[in-house]
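The lines below spell out each chain.
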Amino acid sequence: MVSSLLLFSSFTQKEGGTISLAGEWQFEADPADQGMKEKWFARTLHDKIKLPGSMAENLKGDDISLSTRWTASIYDSSWFYNPRMAKFRQPGNIKVPFWLTPAKHYVGPAWYRKDVTIPANWKGRRVVLELERVHIASRLWVNEVEVGQQNSLVAPHTYDLTSHLTPGKHTLTLRIDNTLTPAVNVGTNSHSVADHTQGNWNGVVGNMQLSAGAKVYVEEVQVYPDLKSKTAHVKLTLRNSTGKQVAGKLALVARSFNSDRSHEVNPKPTKVQLPNGDTTLDLELPMGDNMQTWDEFNPALYRLTVSFDGKGDLDDERQVQFGMREISTQGTRILVNGKPVFLRGTLHNCEFPLTGYPAMDVAAWERIFKVAKAHGLNHIRFHSWSPPEAAFIAADKTGFYLQPEGPTWPNHSTSLGDGKPIDQYVYEETNRIARHFGNYASFTMLAAGNEPRGGKQAQYLAQFIKYWQEKDNRRIYTGASVAMSWPLVPENEFMVKSGPRGLDWPNSRPETLTDYLPKIQDFKVPYVTHEMGQWCAFPNFKEIQKYTGVYKARNFEAFQEDLEDRGMGDQAEAFLMSSGKLQALCYKHEIEKSLRTPGLGGFQLLGLQDFPGQGTALVGVVDAFWDSKGYISPEAFSRFCNATVPLSRMPKFVYSSNETMEAAIELYHFGEADLQDAVLQWTVKDEKGKTVGSGSLPAQTYARGTNTHAGKITFALASINEASQLNLEVRVLNTDFVNDWNFWVYPATLPEVKADVYYTTVLDKQAEQVLQKGGKVFLNAAGKVVKGKEVEMYHTPVFWNTSWFKMRPPHTTGSLINPTHPAFAHFPTDDFTDLQWWEIVNRAQVMHLEDFPKDFRPLVQPIDTWFMNRKLGLIFEAQVGQGKLMVSSTDLGGDMKDRPVARQLYHSLLQYMASEQFQPKDALDIALVRDLFQTPSREQWSAYTKDSPDELKPNQGQR
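Residues numbered from 1 in each chain as written. Predicted model: local features only at pLDDT ≥ 70, side-chain atom pairs only at ≥ 80, totals over all residues. Heavy atoms only, no water.

### Overview of the overall build of the protein
Helices and strands together make up the secondary structure of the protein, namely 14 helices and 51 strands. Since a compact globule built from 959 residues should have a radius of gyration of about 30 Å, the 31 Å found for the protein is in line with a globular shape. Projecting the C-alpha coordinates of the protein onto the three principal axes gives extents of approximately 110 × 70 × 45 Å. When the 959 residues of the protein are sorted by exposure, 63% land in the buried category. Partitioning the intrachain contacts of the protein with sequence separation of at least 6 by distance along the chain shows that 74% fall at a separation of at least 24. Roughly 34,700 Å² of accessible area belongs to the protein as shown, and the carbon and sulfur atoms make up 48% of that amount. (Helix = DSSP H or I, 4+ residues; strand = E, 2+ residues; numbered from the N terminus. Rg over C-alpha atoms; globule rule 2.2 N^0.38 Å. Buried < 20%, exposed > 50% of the residue type's maximum accessible area, 1.4 Å probe, protein only. Contact = heavy atoms within 4.5 Å. Areas by Shrake-Rupley, 256 points an atom, 1.4 Å probe, with all protein chains shown as cover.)

Pasting the structure below:
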């Protein structure tokens, strides 16, 4: 897809030519940094390499070892010391758990050399070298003469070689250095450089070419849409390098090219006199009444051709792509073309697991944006990096809003606003982003970077915002994307901050009454939620086979092998599916809570896709390849994440049969236009899909940019005479917009179960005697667990991952349940902990079954963090002696008057124990069970390091 990029390249010439530099180059790594001293630019290099590409792709660099000097933080060093991980630290079997493992690793200078032959017809022409996506600093020689050096993580490195390249053979020598020197220390965890994501690679991965053109040329074109006047203001820089004045005609032509309606704007050419040097012109391009605008619904684009017609060979032409789009704010709302939008976004952290560097072709980016759109999103934030031009082209075509950032997370090895080189580098890089990509309609927002450190950061960011407000009105600006412990920057045009996020399920039962308004009501600018979600699922080990490129999922391999060592390898797929369904449930409720919030500007998920670094953060419903993991489809996800979403306000999801289910219904609507006379229809169905209740809400008009009360649903539950899982669905008639919620109804009174079962809260002598005589025992061990006491379980799963956050609770990613087991015959359940399980699992103790047989399987099995892979149990059954034992470490028994779920589950278990089906297949020694309540776990987690991520440092001296 290089040709697509060349169409918009800064150095496309009307009459000239190009020489591709792709292919084989001489190469030599310079780990001791002796090349300059020894003048490697004047000698043959001893190796070969193919460009575009990285050193790692070409298998150049060092093997991965325990002493590899990574460009990234490690807060959990247990892998280096834990005896259980020793086999993954052996030469030839290094399996790093923190991120993906490259084939080779190298940080330092490397030299690249290539001979080129300049054709005779280039004589007298301007010649430019373009190197797209160099990592990080380049230095160039032509025939042993140094031309210059450049340093950018965001823009092409371009060199004017007019005075260096005459017709004939020449030698180009590049020195590329990916060291984080003080001049380019953007922060060791920045996604522009860190091993957490793309890796700190060395090379050139984009377009590489020499271009020839006229010495009078269009140096820069910037287009500023004005929708009110239906005009595009065009700011041009023409450069005359002839040394004398040149006269000519300048023509502008704008044509639509991707919409159903063709539209062309072709004003008369303008006569110009160009003195030597640069001439800046401000021209008006009237778009007329047929003007088409760009947004997420109708991404109409124009191609502007700027032509200079001089004498002889002084003709030049430049094309840029633009859309007639304006973005602004009004109070707490973001407006696109004067209409309110809600940003439903995710972060992109430069996850490219085959190459380790960003995709440079349009097709790859189109796929990413289309997957995101299929999940109901309309926005991506690029965390501490900026994508290449291909991404902007694709986003323009797809109708997607982008927030690139300065390529810096100025925190872990640097700081912002303290007079360090990074202060100026942020301005330089964001100016390069605006210069090269500023015309793309999708480029709607800009931030300096992510979560900075520095005592004067707020003042620095305030000046950054003011600078850009005065310089370029085509987008809106925020200082940095930050969490709550960072200082406020009142100058922000919009905020990206973490206040309105999370679910309070660890402290209160699930409901949909509340929203995040208390978190944002004091703010007067649009508030976009920072890094929302971060709910983990268990690893998908089937993904390992996808790593056919330069990076391998050695982290996944280690987790998989460790799981197998603990006798649970056969459960990996079930762990993935059960934990994934819980993850999706959490995303559903957090997103809906955001959509219910009046005045919220949007959210940025972390993330729709997995993040392979920072300890392996499996937070996505799609993997790092943007492929589905199989537990929720884009269609299902977009039911609760879309331009229009029916919402409920329900006080709870568990009812007794003597109650009435009530739900206030709202319609979140940020679609293309108002919904006129829309009818919302509701149905309640049982598990078999049979409709047990239905109705519709009065027709009304739902204005775009609103969250409107639609009506109230009441549904009496008296007819439900057995434990049931029901589903409430609300649909906007004659549209595809629909949403639904499961809820559970349990009988208000339960029949007594006649079971000869000894109930106890301790494994006492009577319990042992009952078992010895062949009786049945129900052991309610809640609060009595010792082995496993260190494992904390909430209803919500692991946040981000337990390695990065040093085993901060919760430690589990849900629980695996066998819904067809007869123990649950009177307790409808899926294979995961849906909302009815909150009362059972939230903050319940788990049992660490470290000494149980490897093939032992509990009835309810909490799924441990994959860094530990402990075999855990919440409810299990076993033969003990001549008897049969049921053990629960969640509280089942006692006074359950106000705990309908526990009462129903206990009833179902007793029914099972009273039946002939109660025949546990596993036999355990009583001492093994007793040990759960006497002996701590032998294996205890330790980080082996004292440092911690920012979020675990209370205020970080930021305020």
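Structure shown, so let's carry the discussion forward.
### Here's the deal with the pairing of strand E50 (residues 883-888)
Among the six residues of E50, five are classified as buried, and the element is accordingly described as predominantly covered. The pairing of strand E49 (residues 875-880) with E50 spans six bridges and is antiparallel. Note on E50: the bridge partner recorded for Glu877 is Met886. Count of turn residues in the E49/E50 antiparallel hairpin: two residues, of which Gly881 carries a positive phi of about 65 degrees. (Pairing = 2+ DSSP bridges.)

### Some details on the packing of helix H3 (residues 362-374) against helix H4 (residues 389-398)
Closest axis-to-axis distance for the H3/H4 pair is 8 Å, and the angle between their directions is 45 degrees. With respect to their mutual orientation, H3 and H4 come out oblique. The two elements H3 and H4 cross, and the hand of that crossing is right-handed. Contacts between H3 and H4 involve Val362, Trp365, Glu366, Phe369, Lys370 and Lys373 from the former and Ala390, Ala391, Ile393, Ala394, Ala395, Lys397 and Thr398 from the latter. Per-class residue counts for the contact of H3 with H4 are eight nonpolar, one polar and four charged. (Axes fitted to C-alpha atoms, helices over the stretch in contact; angles between N-to-C directions. Parallel < 35°, antiparallel > 145°, perpendicular 65-115°, else oblique. Left-handed = near helix turned anticlockwise from the far one by under 90°. Nonpolar A, V, L, I, M, F, W, Y, C, P; charged D, E, K, R; others polar.)

### Considerations on the packing of aromatic side chains
One pass over the structure, following the stated rule, counts 51 aromatic pairs. Between the aromatic rings of Tyr467 and Trp468, the centroid separation amounts to 5.3 Å while the plane-to-plane angle is 90 degrees, which identifies the pairing as edge-to-face. On the basis of relative accessibility, which here comes to 30%, the residue Tyr467 falls in the partly exposed class. By relative accessible area, Trp468 is classed as buried at 0%. Taken together, the aromatic side chains of Phe352, Trp365, Phe369, Phe382, Trp385 and Phe400 make up a single cluster linked through ring pairs. (Phe/Tyr/Trp six-rings, centres within 6.5 Å; stacked < 30°, edge-to-face > 60°.)

### Considerations on the environment of Ser67
Of note, Ser67 is situated in the loop between strand E4 (53-54) and helix H2 (78-81). A distance of 3.0 Å separates a polar atom in the side chain of Ser67 from a polar atom in the side chain of Ser65. (Polar contact = N/O pair within 3.5 Å; in protein donor to acceptor, adjacent residues only side chain to side chain.)

### Some details on the side chain of Glu511
Mapped onto the fold, Glu511 is located in the loop between strand E31 (495-497) and helix H7 (517-520). Despite its burial, Glu511 remains without a salt bridge, the nearest opposite charge being carried by Lys593 at 5.0 Å. Among the polar contacts made by the side chain of Glu511, one reaches the side chain of Thr514 at a distance of 2.8 Å. With near-sequence residues (within four places) excluded, Glu511 lies in contact with Arg596, Met650, Pro651, Lys652 and Phe653. (Lys, Arg positive; Asp, Glu negative; His and termini not counted. Salt bridge = Lys/Arg side-chain N within 4 Å of Asp/Glu carboxyl O.)

### Topic: the sheet that holds strand E42 (residues 738-746)
Judged by pairing direction, the sheet is mixed, and its five strands sit side by side in the order E36-E42-E41-E38-E39 without closing on themselves. Two strands in the sheet have a free side with no partner beyond their single neighbour: strand E36 (654-656) and strand E39 (691-702). On average, each strand axis in the sheet is inclined to that of its neighbour by 25 degrees, with strand direction left out of account. Note that strand E38 (residues 675-685) and E39 share eight bridges and pair antiparallel.

### Focus on the environment of Trp505
As for its placement among the helices and strands, Trp505 is situated in the loop between E31 and H7. Taking C-alpha positions, Trp505 is 41 Å from Gln469, a pair spaced 36 residues apart along the chain. Sequence-distant contacts of Trp505, defined by excluding residues within four places in its chain, comprise Pro510, Leu585, Cys586, His589, His795, Thr796, Leu835, Trp838 and Asn842.

### Considerations on unusual backbone geometry
Following His135, the chain continues into Ile136 via a peptide bond in cis, with omega recorded as 5 degrees. Here Ile136 shows up in the loop between strand E8 (134-135) and strand E9 (137-142). The omega torsion of the bond from Leu606 to Gly607 falls at -10 degrees, within 30 degrees of zero and hence cis. You can see Gly607 is positioned in the loop between strand E34 (602-606) and helix H10 (634-640). Although it is not a glycine, Gln614 sits at a positive phi angle of roughly 50 degrees.

### Side note on H4
Since one α-helical turn is 3.6 residues long, residues separated by three or four positions face the same way. Among the 10 residues that make up H4, nine are buried, leaving the element largely enclosed by the rest of the structure. All buried positions along H4 are accounted for by Glu389, Ala390, Ala391, Phe392, Ile393, Ala394, Ala395, Asp396 and Thr398. One or two steps after H4, the chain reaches Gly399, where phi turns positive at roughly 85 degrees.

### Describing the sheet that holds strand E1 (residues 17-20)
In spatial order, the strands read E1-E14-E7-E11; together these four strands make up an open sheet with antiparallel pairing. The sheet is open, and its two edges are formed by E1 and strand E11 (157-160), each paired on a single side. Each neighbouring strand pair of the sheet contributes to a mean axis angle of 20 degrees, computed without reference to strand direction. Pairing geometry for strand E7 (residues 126-131) and E11, over four bridges, is antiparallel.

### Describing the packing of helix H5 (residues 421-437) against helix H6 (residues 457-471)
Where H5 contacts H6, the axes come no closer than 12 Å and their chain directions differ by 25 degrees. On the basis of the axis angle, H5 is roughly parallel to H6. Our pair here, H5 against H6, has a crossing hand that is right-handed. Contacts between H5 and H6 involve Ile422, Asp423, Val426, Tyr427, Thr430, Asn431 and Ala434 from the first element and Tyr460, Gln463, Phe464, Tyr467, Trp468 and Lys471 from the second. Of the residues in the contact of H5 with H6, the class split is eight nonpolar, three polar and two charged.

### Regarding the nonpolar core
Counting 184 residues, the largest nonpolar core has Trp365, Phe369, Phe637, Met661, Leu728 and Phe743 as the members making the most contacts within it. At 11 residues, helix H9 (residues 572-595) tops the list of elements feeding residues into this core. Those residues in contact with Met661 that lie beyond four places of it in its chain are Met650, Tyr655, Val684, Ile713, Thr714, Phe715, Leu717, Leu728 and Phe743. (Core = buried A, V, L, I, M, F, W, Y, C linked by side-chain atoms within 4.5 Å.)

### Structural notes on the pattern of salt bridges
In the structure shown here, the tally under the stated rule is 58 salt bridges. Glu531 is the partner of Arg381 in a salt bridge, and the nearest nitrogen-oxygen pair spans 3.6 Å. Of this pair, Arg381 sits in strand E27 (residues 379-382) while Glu531 sits in strand E32 (residues 527-533); the two residues are 150 residues apart in sequence, bridging distant segments of the chain. According to the relative accessible area criterion, Arg381 is buried, its value standing at 0%. On the basis of relative accessibility, which here comes to 7%, the residue Glu531 falls in the buried class.

### Some thoughts on the state of the cysteines
Put plainly, a disulfide is one covalent bond tying together the sulfur atoms of two cysteines. If you walk through the whole model with that rule in mind, you get zero disulfides. Of all cysteine sulfurs in the structure, the one in Cys536 sits closest to Cys586, which takes part in no disulfide; the separation is 11 Å. (Disulfide = S-S within 2.5 Å.)

### With respect to helix H13 (residues 900-914)
The first and last C-alpha atoms of H13 sit 21 Å apart over 15 residues, in line with the 21 Å expected at 1.5 Å per residue. Burial of H13 is extensive: 13 of the 15 residues sit out of reach of the surface. (Expected span 1.5 Å × (residues − 1).)

### Topic: the side chain of Ser648
Mapping Ser648 onto the fold places it in strand E35 (residues 644-649). In this view, Ser648 contacts Thr512, Arg596, Ala664, Ile665 and Trp741; residues no more than four positions away in its chain are not counted.

### As for the confidence of the model for the protein
Regions with low pLDDT should not have their predicted coordinates read in detail. Per-chain confidence: the protein averages 95 in pLDDT, with 97% of residues scoring 70 or above. Confidence drops under a pLDDT of 50 for residues 954-959, and excluding neighbours within four residues, the segment shows 16 contacts in the predicted structure. (pLDDT = per-residue confidence, 0-100.)

### Notes on the environment of Tyr547
Position of Tyr547 relative to the elements: it lies in the loop between E32 and strand E33 (551-552). For Tyr547, a relative accessible area of 4% corresponds to the buried category. Residues Tyr547 and Asp522 lie 25 residues apart in sequence; the distance between their C-alpha atoms is 47 Å.

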